[in-house]
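# Commentary on secondary and tertiary structure
One-letter residues, chain by chain:
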Amino acid sequence: MQRQQKFFLLSTLTLLLAGAAAGLAQATEAKEEQADEVAGNIVHYQPEQVHLAFGDNLQDIMVTWSTRGSPNASVVNFARNYATDKLTTVNGTWQRFVDGGKKKRTQYIHNVELKGLQPDTRYEYTCGSPLGWSPVFHFKTPPAGEQWSPSLAIYGDMGNENAQSMGRLQQDTERGMYDAIIHVGDFAYDMDTKNAAVGDAFMRQIESVAAYVPYMVCPGNHEEKYNFSNYRARFNMPGDTDSLWYSFNLGPVHFVSFSTEVYYFLSYGVKLLTKQFEWLERDLAEANLPENRAKRPWIITFGHRPMYCSDDKEYDCNAQLETYIRQGLPMLKWFGLEDLFYKHGVDVEFFAHEHFYTRLWPIYNFKVYNGSAEAPYTNPKAPIQIITGSAGCNEEREPFSYDLPVWNAFHSNDYGYTRLKAHNGTHLHFEQVSDDQDGAIVDSFWVIKDKHGAYPPQQ
């Protein structure tokens with residue numbers, strides 16, 4: 001009897017505690033919703049989420065920011081010295097963005113393009129309207145031409161929570177280490193969460209780097225909600241494709257951004273997939289023309305999901321399954337990118353999605369094509385692929401397979417990011433920064449090519 005009474009009392013206590021916890025959670029959620037409603041009723045014209053991107057050429061810079069209310073104006077004031085020089089004023093455009101969540105939260109996203117800037121010049125700027133201005137930020141335009149050595153930070157899969165690399169990237173940016181930053185998909189985790197409040201928090205978070213350096217992006221699977229609406233509204237990359245695919249030149253490098261997600265979310269239409277593939281064919285063919293390779297020898301691509309994986313993620317990395325990106329749509333084998341990139345002599349391909357860092361040997365159709373046994377990255381006979389998805393997010397790290405494939409040259413699941421310096425038309429240098437090891441360089445290698453262009457046909 002005593003045992004039954006104890007069991008009854010314990011069960012009752014458990015139910016009471018569970019009910020109290022549920023009530024507390026409901027009360028907290030109600031308070032958050034009430035705070036959101038109050039904030040939504042405040043007219044707020046102050047610019048936030050300021051970020052930069054390259055325009056259609058390197059002497060054009062796009063400035064983008066958000067406001068809660070509509071000031072009915074989008075203005076950037078800039079000068080070499082904001083405090084003493086006469087300010088140049090440029091007006092732009094704005095659009096009303098309504099998130100697809102149940103609250104239909106609204107903001108106004110502003111875009112101003114600064115055109116015809118002087119090369120290799122530092123500018124200071126503010127953005128906003130007469131109803132509210134941002135702090136004074138600054139940026140430096142790239143040098144003219146191709147004969148200079150750009151430096152970039154490259155990574156994917158960084159969220160609000162557990163954004164391990166953020167502090168170090170802020171310090172790097174403050175030290176002027178980068179000419180651009182490339183974020184290879186998956187932002188915030190996720191930008192649509194909590195009626196896009198998480199997206200706003202993320203964009204405010206990256207302002208400390210993206211307001212000073214062009215922040216170039218591509219979409220990942222975590223941007224899919226509401227047909228990638230948060231991604232397409234918040235970022236303004238070159239071209240007219242809602243930032244889904246585009247290219248830009250930086251020193252001796254032609255960079256190509258593309259969407260891997262058009263292969264996986266076919267419910268939004270196959271047309272996006274076919275349009276991107278046709279565009280890639282044209283862009284790569286032009287970049288690979290002898291006269292263009294003479295000016296900009298390197299072609300580097302970036303897209304979110306990788307062609308090859310070193311883990312056993314069943315849905316798109318299982319060793320027994322072909323990735324759609326590499327081989328094309330299942331069964332039909334249409335629109336595969338490995339043959340296309342090989343044909344046009346792509347030198348390096350960046351991916352993310354897997355929450356680790358992997359450097360591959362030069363690879364084509366699962367076979368390694370090193371330059372030589374002694375110098376595998378000197379005149380390699382196939383593209384080099386790098387997976388850099390370890391910047392930090394709430395999904396944390398991913399383990400590697402027990403049996404690593406032969407094409408896996410180096411791997412680390414430390415949190416961190418990749419640095420690239422394009423020294424000239426023949427030498428690229430790469431470093432992998434470990435945030436776990438206080439900024440230590442855990443991988444470093446050179447890619448050296450005397451000649452660029454299509455690779456030889458393989459048996």
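Everything numeric in this text was worked out from a predicted model, so none of it was measured.

## Thoughts on the sheet that holds strand E25 (residues 427-434)
Spatial strand order, E14-E12-E10-E24-E25-E26: six strands in an open sheet with mixed pairing. Bordering the open sheet on either side are strand E14 (215-218) and strand E26 (440-448), each of which pairs with just one other strand. This sheet shows a mean twist of 20° between the axes of neighbouring strands, independent of strand direction. Two strands pair when backbone bridges link them, and strand E24 (residues 416-422) and E25 are joined in this way by seven bridges, in the antiparallel orientation. Within E25, the residue paired with arginine 419 across the bridge is glutamate 431. The strands touched by helix H2 (residues 166-174) are strand E10 (151-155), strand E12 (180-184), E24 and E25; relative to E24, the strand with the most contacts, the crossing angle is about 25°.

## Focus: the pattern of salt bridges
For the coordinates displayed, the defined rule picks out 21 salt bridges. Here lysine 140 ties to aspartate 120 by a salt bridge, and the two come within 2.3 Å at their closest N and O atoms. Note that lysine 140 is positioned in strand E9 (residues 137-140) and aspartate 120 in the loop between strand E6 (106-114) and strand E7 (122-129), a separation of 20 residues in sequence. When the shortest N-O distance is used, the salt bridge between arginine 296 and glutamate 146 registers 3.4 Å. Separated by 150 residues along the polypeptide, arginine 296 in the loop between helix H6 (290-295) and strand E17 (298-302) and glutamate 146 in the loop between E9 and E10 bring together distant segments of the chain.

Cut-offs and rules
Residues numbered from 1 in each chain as written. Predicted model: local features only at pLDDT ≥ 70, side-chain atom pairs only at ≥ 80, totals over all residues. Heavy atoms only, no water. Pairing = 2+ DSSP bridges. Helix = DSSP H or I, 4+ residues; strand = E, 2+ residues; numbered from the N terminus. Axes fitted to C-alpha atoms, helices over the stretch in contact; angles between N-to-C directions. Contact = heavy atoms within 4.5 Å. Salt bridge = Lys/Arg side-chain N within 4 Å of Asp/Glu carboxyl O.

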